[in-house]
Amino acid sequence: MPPFGTILSSIALLIITTTSSGNHVASAFVNSSSFATKRTPPSIHQHLHIMMGKRQQQQRQNKGNKRNNKKKQSLENLLELETDLHDRGFKYVIGSDDSGGAGCIAGPVVVASCCVMQPYSSLFGNKPSDESTEFDIALPQSAIDALSKVNDCKILTPTQRQEIYDIIKQYPNVFAITTAERSAQQIDELNLLRATQLAFAESIETLVEQHELPYEECYAIVDGKISPKLYADQREEESDMLNHQAFAKRFSVRPYVNGDANVFVVALASIVARVTHNAKMAEFYESHPDYNFDENNGYGSKSHIDVLHRLGSLEGIHRMSFKQVAGR
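As the structure is a computational prediction, the values presented were derived from the model and not from experiment.

Criteria and thresholds
- Here the residue numbers are simple positions, counted from 1 along each chain's written sequence.
- Local features in this predicted model are restricted to residues of pLDDT 70 or higher, and side-chain atom pairs are both shown and tallied only at a pLDDT of 80 or more, whereas totals for entire chains, interfaces and linings draw on every residue.
- Values reported for side chains reflect all heavy atoms of the structure, with hydrogen atoms and water molecules removed beforehand.
- Numbering of helices and strands starts at the N terminus; helices are DSSP runs of H or I of at least 4 residues and strands are runs of E of at least 2.
- When checking whether two residues touch, look at their non-hydrogen atoms; a contact exists if any pair is within 4.5 Å.
- Nonpolar core, defined: a set of buried Ala, Val, Leu, Ile, Met, Phe, Trp, Tyr and Cys residues in which side-chain atoms within 4.5 Å join the residues together.
- Between buried and exposed lies partly exposed: a residue is buried under 20% and exposed over 50% of the maximum accessible area for its type, with that area taken using a 1.4 Å probe on protein chains only.
- Orientation is described by axes fitted as lines to C-alpha atoms, over the contacting stretch for helices, and by angles from 0 to 180 degrees between their N-to-C directions.
- Here the word oblique covers every angle except those under 35 degrees (roughly parallel), over 145 (roughly antiparallel) and from 65 to 115 (roughly perpendicular).
- Gly is put with the polar residues, along with every residue not named as nonpolar or charged; the nonpolar set is Ala, Val, Leu, Ile, Met, Phe, Trp, Tyr, Cys and Pro, and the charged set is Asp, Glu, Lys and Arg.
- Centres within 6.5 Å make a pair out of two Phe, Tyr or Trp rings, where for Trp the six-membered ring is used; the pair is then stacked when the planes are under 30 degrees apart, edge-to-face when over 60, and tilted otherwise.
- Here, a salt bridge means any side-chain nitrogen of Lys or Arg that lies within 4 Å of a carboxyl oxygen of Asp or Glu.
- Patch membership needs two things, relative accessible area over 30% and no salt bridge, and members are linked within 9 Å if like-charged or within 5 Å if nonpolar (Val, Leu, Ile, Met, Phe, Trp, Tyr).
- The protein chains shown are the only cover counted for residues, whose accessible areas, like all others here, come from Shrake-Rupley with a 1.4 Å probe.
- Residues counted as positive are Lys and Arg, residues counted as negative are Asp and Glu, and His and the chain ends are not counted.
- For this purpose, a charge sits on NZ of Lys, CZ of Arg, CG of Asp or CD of Glu.
- In this description, strands pair whenever DSSP reports at least two bridges between them.
- Identification of polar contacts relies on pairs of N or O atoms within 3.5 Å, with a donor-acceptor requirement for protein atoms, meaning one able to donate a hydrogen and the other able to accept it, and with residues adjacent in sequence counted only if both atoms are side-chain atoms.
- Per-residue confidence from the prediction method is given by pLDDT, with values spanning 0 to 100.

Secondary structure assignment for the protein chain yields 13 helices and 7 strands. Looking at the protein chain alone, contacts between residues at least 24 apart form 68% of all its contacts between residues at least 6 apart.

Rendered as structure tokens:
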């Protein structure tokens, strides 16, 4: 048996240091040339993870601030991640977000997806990039001014949201958008998480298929902690057929916590989802004004709960499986 000191010299030594922010950095040193490996550049997924980690670390440092009072991101910061993805060959970055999810006790959950279909340099009237074409549209200054306010829809006023939504709808060749929803009944049947993930998948897949986007140039970012399973049914069919070839309709989709406040297209999607959801609740208000859906938008506010106690729930509108609604 070799001496104990020899054994110690041949194993990895783990040195853990603590940075000023409280994070731990680990460095491993191996006393053997056989463990030496060639350093390779990070993959796109690793790079995205690093960028997201830096953003989320900044958010944790500002943890004491309330969400509605946090400083708005500049347009340049919101475009940082997408610009980087464009440089890496992902021409079509799709952002997705939902409205009417957690906190709502009535109405559907609405998911919107958005993709800017031309280079940002030409979109905002700057010097055209190498990717610009004669078909690219330079938005008027009034639209650019409105889009410079894009941020998480929760910290925009209803007027600002509507203004940006109208611009998105006015330029369909610039902003590709799709929406998908799951009704209160479907939420009761599937549960909210499952219903929302299915709506995410439908919205993203519809956008890609409608615009015939090449899969290898697509990258989707969804707000939240979970990413949906795209083309799940078709993947299962391939598996049943014992087809071992790579599935053609496959592209990256990644979750991003607080993506609506940090990624431009996710912020756009959050605005589209919110305006669409609130319009649906306004329709419910027309037929059921006593429930004040135009004000509470389906959320379980105290006044909404009080109305439930007095008048009972509305089948087809309220989510009967939710605790605040069950039995009423």
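So much for the structure itself; the text now carries on.
It is characteristic of soluble globular proteins that their nonpolar side chains tend to be buried jointly. The biggest cluster of nonpolar side chains holds 42 residues, and the ones touching the most others in it are Phe124, Leu147, Val150, Phe175, Ile221, Phe264 and Leu268. Secondary structure elements with two or more residues in this core: α3 (75–78), α4 (80–87), β4 (109–116), α5 (120–123), α6 (141–147), α7 (158–170), β6 (218–223) and α11 (264–287). Take this core: its biggest share by element is 10 residues, from α11. With residues near it in sequence (within four places) discarded, Phe264 still touches Leu75, Leu78, Leu79, Glu82, Val116, Tyr120, Phe124, Leu147 and Val150. Core analysis: the next-biggest nonpolar cluster, separate from the first, contains 21 residues, Tyr92, Ile94, Ile204 and Phe251 among them.

Right, let's talk about the packing of α7 against α11 for a bit. Closest axis-to-axis distance for the α7/α11 pair is 9 Å, and the angle between their directions is 105°. Here α7 lies roughly perpendicular to α11, going by the angle between them. In this structure, α7 contributes Arg161, Gln162, Ile164, Tyr165 and Ile168 to the contact, and α11 contributes Leu268, Ile271, Val272, Arg274, Val275, Thr276 and Asn278. Of the residues assigned to the contact of α7 with α11, the class counts are 7 nonpolar, 3 polar and 2 charged.

Here the structure, examined in full by the defined rule, presents 6 aromatic pairs. With centroids separated by 6.3 Å and ring planes inclined at 65°, the aromatic side chains of Phe284 and Phe293 adopt a geometry described as edge-to-face. Neither residue differs from the other here; Phe284 and Phe293 are each classed as buried. Chaining the aromatic ring pairs together yields one cluster made of Tyr215, Tyr231 and Phe251.

Let us look at the pattern of salt bridges. Tallying each qualifying case throughout the model produces 4 salt bridges. Among the salt bridges present, the one from Asp84 reaches Arg88, with a minimum N-O distance of 3.3 Å. Taking the relative accessible area as the measure of exposure, Arg88 reaches 38% and is therefore partly exposed. Salt-bridge contacts for Glu202 lead to Arg182; the nearest nitrogen and oxygen are separated by 2.8 Å. Note that Glu202 is positioned in helix α9 (residues 192–210) and Arg182 in strand β5 (residues 175–182), a separation of 20 residues in sequence. Note on Glu202: relative accessible area 32%, which makes it partly exposed. Classification of Arg182 as buried rests on a relative accessible area of 13%.

So, on to a negative patch on the surface. Taken together, Glu283, Glu286, Asp294 and Glu295 make up a surface patch of like negative charges. When residues of the negative patch are traced back to their parent elements, those giving at least two are α11 and α12 (293–296). With relative accessibility at 37%, the residue Asp294 sits in the partly exposed group.

Once that is clear, we can look at the sheet that holds β4. Pairing in this open sheet of 5 strands is mixed, and the strands run β5-β4-β3-β6-β7 from one edge to the other. Here the strands that pair on one side only, and so sit at the sheet edges, are β5 and β7 (252–256). If you compare each strand with its neighbour and ignore which way they point, the axes differ by 20° on average. Here strand β3 (residues 92–99) pairs with β6 via 5 bridges, running parallel. Each bridged residue has a counterpart across the sheet, and for Ile94 the counterpart in β6 is Ala220. Contacts from α9 reach β3, β4, β5, β6 and β7 within the one sheet, and its direction differs from that of β5 by about 150°.

A few words on unusual backbone geometry. With a phi angle near 90°, Asn191 is a residue other than glycine that sits in the positive phi range. The phi dihedral of Glu212 falls on the positive side, at around 50°, and the residue is not glycine. Tracing the backbone shows Glu212 in the loop between α9 and β6. Given the relative accessible area of 70%, Glu212 is considered exposed.

In terms of burial, β6 is largely enclosed, as 6 of its 6 residues are buried. What you see with β6 is no split at all: Cys218, Ala220 and Val222 on one side and Tyr219, Ile221 and Asp223 on the other are buried throughout. Strand direction decides the pairing type here: β6 and β7, joined by 5 bridges, are parallel. Bridged to Tyr219 within β7 is Ser252.

Attention shifts here to the side chain of Arg319. As for its position among the elements, Arg319 is in the segment after α13 (302–311). Buried and unpaired, Arg319 has Asp188 as its nearest opposite-charge partner, separated by 6.7 Å. Polar contacts involving the side chain of Arg319 include one to the main-chain carbonyl oxygen of Pro108, which spans 3.4 Å.

Within the protein chain, residue pLDDT values average 80, and 70% of them lie at 70 or more. This model gives residues 7–38 a pLDDT under 50, and the stretch forms 27 contacts once residues within four places in sequence are excluded. Here residues 64–71 is a poorly scored stretch, pLDDT under 50, and it has 8 contacts once near neighbours within four places are set aside; other chains count.

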